[in-house]
Amino acid sequence: MPKRIVVKIGSNVLTRDNGKLDITRISALVDQTAWLHAHGYEPILVSSGAMASGRGEISVSKRLDSVAQRQLFSALGQAKLINLYYDLFREYHLPVGQVLTMKENFNSRRAYLNQRSCMTVMLDNGVIPIVNENDTVSVTELMFTDNDELSGLIASMMDAEALVILSNIDGIYDGSPSDPHSKVIRRVMPGEDLSQYIQTERSGFGRGGMITKYNIARKVAEEGIRVIIANGKRPNILIDLVEHPSETPHTEFAAAPEGVSGIKKWIAHSDSFAKGQVHVNAAARKALTGHSAVSLLPVGITAVEGDFEEGDLVSIIDERGNRFAVGRTSYDSESARRVMGQHDQRPLIHYDYLYLEQPY
């Protein structure tokens, strides 16, 4: 059985200081990905770089806003980028396929499963998927935070063994990365909080930053998938992570020993599509967050906000106004309001469709 691995290659890895695509770097990463494939791995690439690839292809005659620029340069650059990958992988006789997606494609469970089926048949036939956000039709409010978020969703959706996030830094440091006395934190255990060490600023050409990588890494690791943050500009980084892990700087988030089901993985990464809010009392929160598998019963509900249908996702809010879970409701909003606070009713959210969020 091949070891499925998702490799996210960030913009800061694929671009030079002048913002143009680093062809040499891409070629080296293709070489390493081909090595992984030859050594029993099933790689999926989540690759940035479309904007950088398209930026130098055309001279714009008039000033464009940020959305129009992204659409134009991405449309040009995505074709150039996938052709570059195609040519480089062809030297190893490895076929590649392009998967362009948007955040709203993960809203529907049906669309989610269709995407998974597409990528599964690609892998089953020896095709390496190269995934990117479709920036030509995505607008700001519907975009992924960064390809870090997309890579986490892909790793979860495809039941990957590991997610490798390649950035321009060796991992998470116990101090400022610019301080020579700071050291890379090598291993993060489930539930361990490193927020005090996270730099909040973004760098270079990427939309996200270390805080995004940290949050995604924690969520994915809690789902039973090992996550590694490493420096994609280091020579042979992917090979060294496999052959010489103890000698290669990186931060690893250990996978939780008990993963979650496929439906809960989808719910965990679709939380931003929640259609409404269900407020619960302290007793309901205590029951839901305890060690036993418990469904959300109407008796624990104190308020219902928003309009939603049966099967929609809703946020679960505690008495302090904090969201601590998200789930797929078996009631519409009108019915939920009608039965809230009542005993002897079927669950509003069954445990199998309930995902408890980890505090960040």
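Residues numbered from 1 in each chain as written. Predicted model: local features only at pLDDT ≥ 70, side-chain atom pairs only at ≥ 80, totals over all residues. Heavy atoms only, no water.

What to know about the overall build of the chain
Broken down by element type, the chain carries 11 helices and 13 strands. Seen along its three principal axes, the alpha-carbon backbone of the chain occupies a region of about 65 × 50 × 40 Å. Across the 360 residues that make up the chain, the buried fraction comes to 50%. A fraction of 73% describes how many contacts in the chain between residues 6 or more apart in sequence connect residues 24 or more apart. Of the roughly 17,000 Å² of accessible surface on the chain, 47% is carried by carbon and sulfur atoms. Distance between charge centres in the chain, computed from 38 positive and 44 negative side chains, equals 2 Å. (Helix = DSSP H or I, 4+ residues; strand = E, 2+ residues; numbered from the N terminus. Buried < 20%, exposed > 50% of the residue type's maximum accessible area, 1.4 Å probe, protein only. Contact = heavy atoms within 4.5 Å. Areas by Shrake-Rupley, 256 points an atom, 1.4 Å probe, with all protein chains shown as cover. Lys, Arg positive; Asp, Glu negative; His and termini not counted. Charge placed at Lys NZ, Arg CZ, Asp CG, Glu CD.)

Side note on the sheet that holds strand 2 (residues 41–47)
An order of 3-4-2-1-5-7-8-6 is seen for the eight strands of this open sheet, with the pairing classed as mixed. Taken across any chain shown, the strands that pair with only one partner, and hence form the sheet edges, are strand 3 (96–101) and strand 6 (187–188). The strands touched by helix 4 (residues 66–90) within the sheet are strand 1 (3–9), strand 2, strand 3 and strand 4 (128–133), with strand 3 carrying the most contacts at an inclination of about 155 degrees. (Pairing = 2+ DSSP bridges. Axes fitted to C-alpha atoms, helices over the stretch in contact; angles between N-to-C directions.)

A closer look at the packing of aromatic side chains
Inspection of the entire model under this criterion finds four aromatic pairs. For the pair Tyr 112 and Trp 266, a centre-to-centre distance of 6.4 Å together with 55 degrees between the ring planes defines the contact as tilted. Pair noted here: Tyr 112 is in helix 5 (residues 109–124) and Trp 266 is in helix 9 (residues 262–269), with a separation of 154 residues, a long-range link. Take Trp 266: its relative accessible area is 2%, and that puts it in the buried class. Taking 6.1 Å as the distance between ring centres and 50 degrees as the angle between the ring planes, the aromatic pair formed by Tyr 214 and Phe 253 counts as tilted. Of this pair, Tyr 214 sits in helix 7 (residues 210–222) while Phe 253 sits in strand 8 (residues 251–253), placing them 39 residues apart in sequence. The two residues Tyr 214 and Phe 253 agree in class, both being buried. Counting every residue linked through ring pairs, the aromatic cluster contains Phe 106, Tyr 112 and Trp 266. Geometry around Phe 324 places Arg 285 over its ring, the cationic atom sitting 4.6 Å from the centre. Stacked on the ring of Tyr 331, the Lys or Arg Arg 346 has its end atom at 4.2 Å from the ring centre. (Phe/Tyr/Trp six-rings, centres within 6.5 Å; stacked < 30°, edge-to-face > 60°. Lys NZ or Arg CZ within 6 Å of the ring centre and 35° of its normal.)

Focus on unusual backbone geometry
One non-glycine residue, Asp 159, lies in the positive phi region at around 55 degrees. Considering the arrangement of structural elements, one finds Asp 159 in the loop between helix 6 (147–157) and strand 5 (162–167).

What to know about the packing of helix 2 (residues 23–38) against helix 4
Running from N to C, helix 2 and helix 4 point in directions that differ by 50 degrees, and their axes come no closer than 10 Å. The angle between helix 2 and helix 4 places the two elements in the oblique class. Where helix 2 crosses over helix 4, the two elements pack in a sense that is right-handed. Of the residues in helix 4, those in contact with Ile 23, Ile 26, Ser 27, Val 30, Thr 33 and Ala 34 of helix 2 are Leu 81, Leu 84, Tyr 85, Leu 88 and Phe 89. Broken down by class, the residue content of the contact of helix 2 with helix 4 amounts to nine nonpolar, two polar and no charged. (Parallel < 35°, antiparallel > 145°, perpendicular 65-115°, else oblique. Left-handed = near helix turned anticlockwise from the far one by under 90°. Nonpolar A, V, L, I, M, F, W, Y, C, P; charged D, E, K, R; others polar.)

Considering the pattern of salt bridges
Under the criterion given, the structure shown has 15 salt bridges. Of the charged contacts, one joins Lys 103 and Glu 149 as a salt bridge, the two residues approaching to 3.4 Å between their closest N and O atoms. Of this pair, Lys 103 sits in the loop between strand 3 and helix 5 while Glu 149 is found in helix 6, placing the two residues 46 residues apart along the sequence. A relative accessible area of 14% means that Lys 103 is categorised as buried. (Salt bridge = Lys/Arg side-chain N within 4 Å of Asp/Glu carboxyl O.)

Some details on the confidence of the model for the chain
On average, residues of the chain score 88 in pLDDT, and 93% of them are at 70 or above. Here residues 202–208 is modelled with pLDDT under 50, and outside its nearest four sequence neighbours on either side it reaches 25 contacts, counting other chains as well. (pLDDT = per-residue confidence, 0-100.)

Remarks on the nonpolar core
Ile 154, Ile 172 and Phe 253 are the most contacted members of the largest nonpolar core, which has 45 residues in total. Taken together, the elements giving at least two residues each to this core come down to strand 2, helix 5, helix 6, strand 5, helix 7, strand 7 (226–231) and helix 9. The greatest single-element share of this core, amounting to six residues, is contributed by helix 7. Counting residues in hydrophobic clusters, the runner-up holds 34 residues, among them Ala 52, Ile 82, Leu 84 and Val 164. (Core = buried A, V, L, I, M, F, W, Y, C linked by side-chain atoms within 4.5 Å.)

Here's the deal with the pairing of strand 4
With respect to burial, strand 4 is a largely interior element, six of its six residues being buried. Burial along strand 4 is two-sided: the face carrying Ile 128, Ile 130 and Asn 132 and the face carrying Pro 129, Val 131 and Glu 133 are both buried. Where strand 2 meets strand 4, two bridges bridge the pair, whose relative direction is parallel. Bridge pairing in strand 4 links Leu 45 to Ile 130. This β-α-β element, strand 3 to helix 5 to strand 4, shows right-handed connectivity. (Right-handed = clockwise from strand over helix to strand, strands pointing away.)

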